[in-house]
Amino acid sequence: MSQMTNEETDTALILENELKRRVTEVLGTIVHKVVHKAIEANFAQHKAAMMLEISVAVGKMLRGIEEDGRKPLWENAEISAITKD
């Protein structure tokens, strides 16, 4: 095995550092995308659960209002807005 010259050593070190930089850059991009997808999926799951919970709560409140023989506030607001005109 022959000894590398200083110029060959410098070139090899430059290429090695460039390769490390590019690999690090690509891995950073890949990790960022994977983490972003995981966070989006987690957020979507929690958002769907919260929306369902809100929907159920609003439904229960509306049912309670109807059982009491009352009208929802927006129906009362529409009536009062019409009568003011």
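Residues numbered from 1 in each chain as written. Predicted model: local features only at pLDDT ≥ 70, side-chain atom pairs only at ≥ 80, totals over all residues. Heavy atoms only, no water.

What to know about the overall build of the protein
Then, in step 1: Helix and strand counts for the protein stand at two helices and zero strands.
Then, in step 2: Counting over 85 residues, the protein shows a buried share of 2%.
Then, in step 3: Here the protein has roughly 8,200 Å² of accessible surface; of this, 63% comes from carbon and sulfur atoms. (Helix = DSSP H or I, 4+ residues; strand = E, 2+ residues; numbered from the N terminus. Buried < 20%, exposed > 50% of the residue type's maximum accessible area, 1.4 Å probe, protein only. Areas by Shrake-Rupley, 256 points an atom, 1.4 Å probe, with all protein chains shown as cover.)

A short note on helix H1 (residues 6-67)
Then, in step 1: An ideal rise of 1.5 Å per residue puts 92 Å on 62 residues; H1 measures up with 90 Å between its terminal C-alpha atoms.
Then, in step 2: Positive backbone phi, at 80 degrees, marks Gly-69, one or two positions downstream of H1. (Expected span 1.5 Å × (residues − 1).)

Observations regarding the pattern of salt bridges
Then, in step 1: Under the defined criterion, the tally for this structure stands at five salt bridges.
Then, in step 2: Between Glu-18 and Arg-21 there is a salt bridge, with its nearest N and O atoms 2.6 Å apart. Residue Glu-18 and its partner Arg-21 are located together in helix H1, separated by three residues, close to a single helical turn.
Then, in step 3: Glu-18 gets classed as partly exposed once you look at its relative accessible area, which sits at 28%. (Salt bridge = Lys/Arg side-chain N within 4 Å of Asp/Glu carboxyl O.)

Digging into a nonpolar patch on the surface
Then, in step 1: A surface patch of nonpolar side chains, about 540 Å² in accessible area, is lined by Leu-19, Val-23, Val-26, Leu-27, Ile-30 and Val-34.
Then, in step 2: Inspection of the secondary structure assignment puts Val-23 in helix H1.
Then, in step 3: A relative accessible area of 40% places Val-23 in the partly exposed class. (Patch = residues over 30% accessible without salt bridge, like charges linked within 9 Å, V, L, I, M, F, W, Y side chains within 5 Å.)

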